[in-house]
Amino acid sequence: MRIKAESIMTTINAGDPAAANREALGIVRVLAVALIGPPGAGKTALIEATARQLRGKARVAVIAMNPAAERDADRVSRYCDQVQAVNTASPDATALRTALLELDLNRVDILLIESMGGIVGKPDFGQDQTVTILSVTGGDDKAAAYGQLLAESPLLLLTQADLRRQVTFDLGAFRADVRRINPAAQLIEVSAFENSGIPRWLAWLDQRRQEKNPMYRPVAPLADVPELYVG
Ligand SMILES: Nc1nc2c(ncn2[C@@H]2O[C@H](COP(=O)(O)OP(=O)(O)O)[C@@H](O)[C@H]2O)c(=O)[nH]1
Ligand SMILES: [Mg+2]
């Protein structure tokens with residue numbers, strides 16, 4: 001059924017923007033995944049790699065929220081046509097709502113929300129899933145520093161894995177923090193540049209997509225995508 005995004009968004013629950021976003025995304029069965037972490041953690045690079053790998057397999061839309069979001073949106077728009085930038089230093093559900101209104105949600109399977117932040121915990125934009133994004137160049141203490149976000153994330157992506165030998169990063173200490181803070185969280189080391197870990201991340205995403213939309217049947221195992229990311 002085709003549903004006009006605007007009519008969904010304006011009729012429901014306008015007093016609680018996160019709930020309104022969640023409800024609207026639920027009606028059109030769009031899986032919304034928020035990728036949250038500090039600036040420089042590799043969020044946009046990960047989204048570029050993800051959108052590139054999913055071309056022809058899933059319709060990906062992206063909303064980037066940070067003070068220079070247009071730069072991120074420009075990068076991502078090489079790989080998907082529905083991209084919105086929200087230039088803000090304080091991303092929230094109202095900002096997301098504004099961007100959602102600009103998308104044709106009937107043409108979206110997966111919405112990736114890039115947002116800086118998370119140091120004070122998980123922001124609620126109305127997303128289905130929250131993924132913590134931390135990088136090896138950020139240092140091995142960042143799982144502890146972003147503990148409040150990690151505690152509410154089912155998945156942590158440790159990015160820039162290809163740089164691990166170039167920087168001081170104690171993976172054992174990092175892992176110990178993750179286990180202590182959220183024993184149930186999955187940890188996947190990824191490199192957007194070398195594609196390592198990306199198939200596992202895509203498989204995780206695909207499972208969440210099936211949970212959100214029982215009608216969805218994967219066409220082929222996404223974990224087999226062999227292409228290298230070339231930036
Ligand atoms: N070597 C390497 N560099 C990366 C990788 N992912 C991101 N970067 C670099 O890390 C910096 C920050 O990445 P960006 O995606 O803009 O981070 P964001 O601020 O979290 O969106 C950029 O210079 C990227 O080129 C990766 O997998 N490997
Ligand atoms: Mg970015």
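Figured I'd write up the structure that's included with this text. (Residues numbered from 1 in each chain as written. Chains lettered and ligands numbered in written order. Predicted model: local features only at pLDDT ≥ 70, side-chain atom pairs only at ≥ 80, totals over all residues. Heavy atoms only, no water.)

### Thoughts on the nonpolar core
Note that soluble globular proteins tend to have their nonpolar side chains buried in a common cluster.
Part 1: Of all hydrophobic cores here, the largest spans 34 residues; its most connected members are I63, M65, L100, L111, I113 and F174.
Part 2: Secondary structure elements with two or more residues in this core: β1 (31–37), β2 (60–66), α5 (93–100), β4 (110–116), α7 (147–150), β6 (155–159) and α8 (171–181).
Part 3: Per-element tally for this core: the top contributor is α5, with 4 residues.
Part 4: Not counting chain neighbours up to four residues away, the residues in contact with M65 comprise V86, T88, P91, D92, A95, L96, I113, E114, S115, M116 and F125. (Core = buried A, V, L, I, M, F, W, Y, C linked by side-chain atoms within 4.5 Å. Buried < 20%, exposed > 50% of the residue type's maximum accessible area, 1.4 Å probe, protein only. Helix = DSSP H or I, 4+ residues; strand = E, 2+ residues; numbered from the N terminus. Contact = heavy atoms within 4.5 Å.)

### Some remarks on the coordination of the magnesium ion (ligand 2)
Part 1: Distances from the magnesium ion (ligand 2) to its protein donors, namely T44 (OG1), D72 (OD) and E114 (OE), fall within the range 2.1 to 2.5 Å.
Part 2: In terms of primary sequence, the donors binding the magnesium ion (ligand 2) are separated according to T-x27-D-x41-E. In this pair, D72 sits in helix α4 (residues 69–76) while E114 sits in strand β4, placing the two residues 42 residues apart along the sequence. The burial state of D72 is the same as that of E114; both residues are buried. (Donors = N, O, S within 2.8 Å, 3.2 Å for Na, K, Ca; no water.)

### Looking at unusual backbone geometry
For residues that are not glycine, phi is negative in most cases, and the peptide bond is trans in most cases.
Part 1: A positive phi angle, near 55 degrees, is found at R29, a position not held by glycine.
Part 2: Within the element layout of this structure, R29 appears in the loop between α2 (17–27) and β1.
Part 3: When its relative accessible area of 38% is taken as the criterion, R29 is described as partly exposed.
Part 4: At Q160, a position not held by glycine, the phi torsion is positive, near 60 degrees.
Part 5: The class of Q160 is buried, set by a relative accessible area of 19%.

### Quick look at the site of ligand 1
Part 1: Near ligand 1 you find 16 residues, and of these G40, K43, T44, A45 and D162 are the closest.
Part 2: Take A41: an N or O atom from its main chain is 3.1 Å from an oxygen atom of ligand 1.
Part 3: One nitrogen or oxygen atom from the main chain of G42 is found 2.9 Å from an oxygen atom belonging to ligand 1.
Part 4: In isolation ligand 1 exposes 580 Å². Once the protein is present, 75% of that is buried.
Part 5: When residues in the shell around ligand 1 are grouped by element, the largest group, 3 residues, is from helix α3 (residues 43–54).
Part 6: Partitioning the shell around ligand 1 into residue classes produces 7 nonpolar, 5 polar and 4 charged. (Near = heavy atom within 4 Å. Polar contact = N/O pair within 3.5 Å; in protein donor to acceptor, adjacent residues only side chain to side chain. Areas by Shrake-Rupley, 256 points an atom, 1.4 Å probe, with all protein chains shown as cover. Nonpolar A, V, L, I, M, F, W, Y, C, P; charged D, E, K, R; others polar.)

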